[in-house]
Amino acid sequence: MGHLTTSPTIEPGHDGTMILNMGPQHPSTHGVLRLVLEIEGENVIRIMPDIGYLHTGIEKTCEAKFYQQVVVLTDRIDYLCPLTNNLCYVLAVEKLLGLEIPERAQWLRVLLNELTRINSHLVWLGTHALDIGAMSVFLYCFREREDVLRIFEMVSGQRMMTSYFRIGGLALEPPLGFFDRVKKFADSFPKRVDEYEELLTSNPIWVERTKGVAYISQEDAIALGATGPTLRASGVDFDLRRDIPYSSYDKFQFEVPVSTDSDVFARYILRVREMRESNKIVQQALAGMPSGPVKADAPKVVLPDREAMKTQMESLIYHFKIITEGFAVPEGEVYQAVESPRGEMGYYVVSDGTAKPYRVHMRGASFANLQALPKMCEGRLIADVVAAIGSIDIVLGEIDR
Amino acid sequence: MPLVPAITDLELLTKHFAVAQLLAWNRAAVLSAKFDRDELSVSIAPSHIRESCAILRDDSQAQFNFLSDITAVDWYPSEPRFEVVYHLLSIPRRDRVRLKVRLPGSDPCVESITTVWPAADFFEREIFDLFGIQFHGHPYLRRLMMPEDWEGYPLRKDYPVEGYR
């Protein structure tokens, strides 16, 4: 791509400063983020993020696909929380269609979304600790992550690119033994979190590297569009799951951890506590899982069961029509936001009444959170930049789309 | 939930703070409004967008203190061709509003709102990059996703999905 051939995006301000290029192939930038730093000795004066290395034009591709085909594209945006992307997109299209989703499907969506949050936070914790120099946490986190990925594989056949949520419900009823498997994981997980905390929370090196580092005030966090744990660590008590509930999140009891310390340590503690809360939601979902169908009664939108498709003419016709022509969605526009592990993930879907979306736009939480990075690092030490990048938990797939 | 007809009558929509405050400030700024699928959209005259955002942010009742998203839609070949869409969120009131401006196909240009919310920086750069819409007063309007020397604006409807170059 042409990025590397262009001149540096910032010029040295005065004598004594130098321009340092960090990334796009840097192990602690969590992907292909490039930062252009202006430094004076050990101090960072300015930071300019340069993105776009993973740009694949997903938004353009969506316009050329049927509504149901877009679901598989949404997995690829944020590869650490594919099910959250699935959920946000299908909720938006269901809102456009005016479709009512069975309760069991909604609860299963909540259950899997919280497992996704645990999965994403585990990757974040492992890599963030690795960046700062704590190797063993990474190995512990990936041990539990493997369990979550196996659960995903069980329901969808895929470890990462699940595409398990469909417009109108779920792809399939979860297989036998699924709930036992989740129960086993959820029962053992709090003890695992204790293990991570034992390694880090009171570890003097960890505390030294994170406390008071990468401070951002509440006003700045709001003005720069930060969301999720990054915003909550600056003292804003706002979580879409609780405050603008979707997919029956209002039926669950959970706490939203908030801190006013606004530093890397606060963001770490919040995410660890969020993992515990997510685990509580998983337990509640398991305990109160309603019975019933997992797909809405909308034959023109939802694919029929395979069995019905093979034995009933009407189902076969619907199946054929959905696959070959898609289904028309009434004209309109919808902005659906969900709380992803990183913050507000929003899908803006515009329909012109045909079977293909006229426009799909994804508002990535990382995209906005990244704008808060310069504010966190400028005027501070260069070694803290790595800690700051880790603490906002960016995923470049979501930023570049 | 089942679909219900959209409400487009401005008088019926004044119970929403966003509509009421904008009308009280400047009737000419509000072109139309629509309440559809539980979401409120307000069309704003392009020359008033920055002030409208500032009014909604600073108003003690509306309190739209957070910019969620900015994006654009290309309605090619109809005119005015482009629609820039702003999603505002009120964190204290847990409410959303969508502001829209329509821009012509030739030399589309609108005032930047980076002075109201610095968060607009990346969003506006992305729209400039992919739609070719200019934002007046943006501090650093350069391509964000595509390489600097890229020709064309990929998210425009007259730009092919595949087969270019």
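Please refer to the structure higher up on the page.
Just so it is clear, the structure is predicted and the values come from calculations on it, not from any experiment.

What counts, and at which threshold
Residues take numbers from 1 onward in each chain, read along the sequence in its written order. Key to labels: chains lettered from A, ligands numbered from 1, both in the order written. Per-residue local features of the predicted model are confined to residues with pLDDT of at least 70, and side-chain atom pairs are confined, for both listing and counting, to 80 or more; whole-chain, interface and lining totals are unaffected and use all residues. Water and hydrogen atoms play no part in the side-chain values, which are based on all heavy atoms of the structure. Strand pairing is defined by DSSP finding a minimum of two bridges between the two strands. Numbering of helices and strands runs from the N terminus; a helix is a DSSP stretch of H or I covering at least four residues, while a strand is a stretch of E covering at least two. A fitted line through C-alpha atoms represents every axis, and for helices the fit uses only the stretch in contact; the resulting angles, taken between N-to-C directions, go from 0 to 180 degrees. Any two residues whose heavy atoms approach within 4.5 Å are treated as being in contact. Here, the term nonpolar core denotes a set of buried Ala, Val, Leu, Ile, Met, Phe, Trp, Tyr and Cys residues that are joined through side-chain atoms within 4.5 Å. Categorising residues by exposure relies on relative accessible area from a 1.4 Å probe, with only protein chains included: less than 20% of the type maximum marks a residue as buried, more than 50% marks it as exposed, and the intermediate range marks it as partly exposed. Salt bridge, as used here: a side-chain nitrogen of Lys or Arg that lies within 4 Å of a carboxyl oxygen of Asp or Glu.

Colleague: Provide a residue-level description of the sheet that holds strand β1 (residues 30-36) of chain B, including the pertinent values.
Modeller: All names here are of chain B. With respect to topology, five strands assemble into an open sheet ordered β1-β2-β5-β4-β3, the strand pairing being mixed. Each of the sheet's edge strands pairs with one partner strand only, and the pair in question is β1 and β3 (66-74). Here the strands of the sheet are splayed against their neighbours by 20° on average, with no regard to which way each runs. For β3 and strand β4 (residues 82-90), the ladder comprises eight bridges, and the chain directions are antiparallel. Each bridged residue has a counterpart across the sheet, and for I70 the counterpart in β4 is Y86. Where helix α1 (residues 17-25) meets the sheet, it contacts β1, β2 (39-44) and β5 (95-103), and its direction lies at approximately 20° from that of β2.

Colleague: Before we move on, can you summarise the nonpolar core with the specific residues and values?
Modeller: One finds Y347(A), V42(B), Y86(B) and L99(B) to be the most contacted residues of the largest nonpolar core, which totals 176 residues. Ranked by residues supplied to this core, first place goes to helix α4 (residues 103-132) of chain A with 13 residues.

Colleague: Help me get a handle on the pattern of salt bridges, residues and values and all.
Modeller: According to the stated counting rule, one finds 45 salt bridges over all chains in the structure shown. Ionic pairing is found between D78(A) and R342(A), a salt bridge with its closest N-O pair at 2.9 Å. Residue D78(A) is found in the loop between α2 (67-75) and α3 (82-97), and its partner R342(A) is found in the loop between β6 (332-340) and β7 (343-351); the two are separated by 264 residues along the sequence. You'll find D78(A) and R342(A) in the same group, each marked buried. A salt bridge links E148(B) to R142(B); the shortest N-O distance between them is 3.2 Å. Residue E148(B) is classed as partly exposed on the basis of its relative accessible area, which comes to 35%. Within this structure, K95(A), E333(A), E39(B), E83(B), R98(B), K100(B) and R102(B) form a network of salt bridges that share partners.

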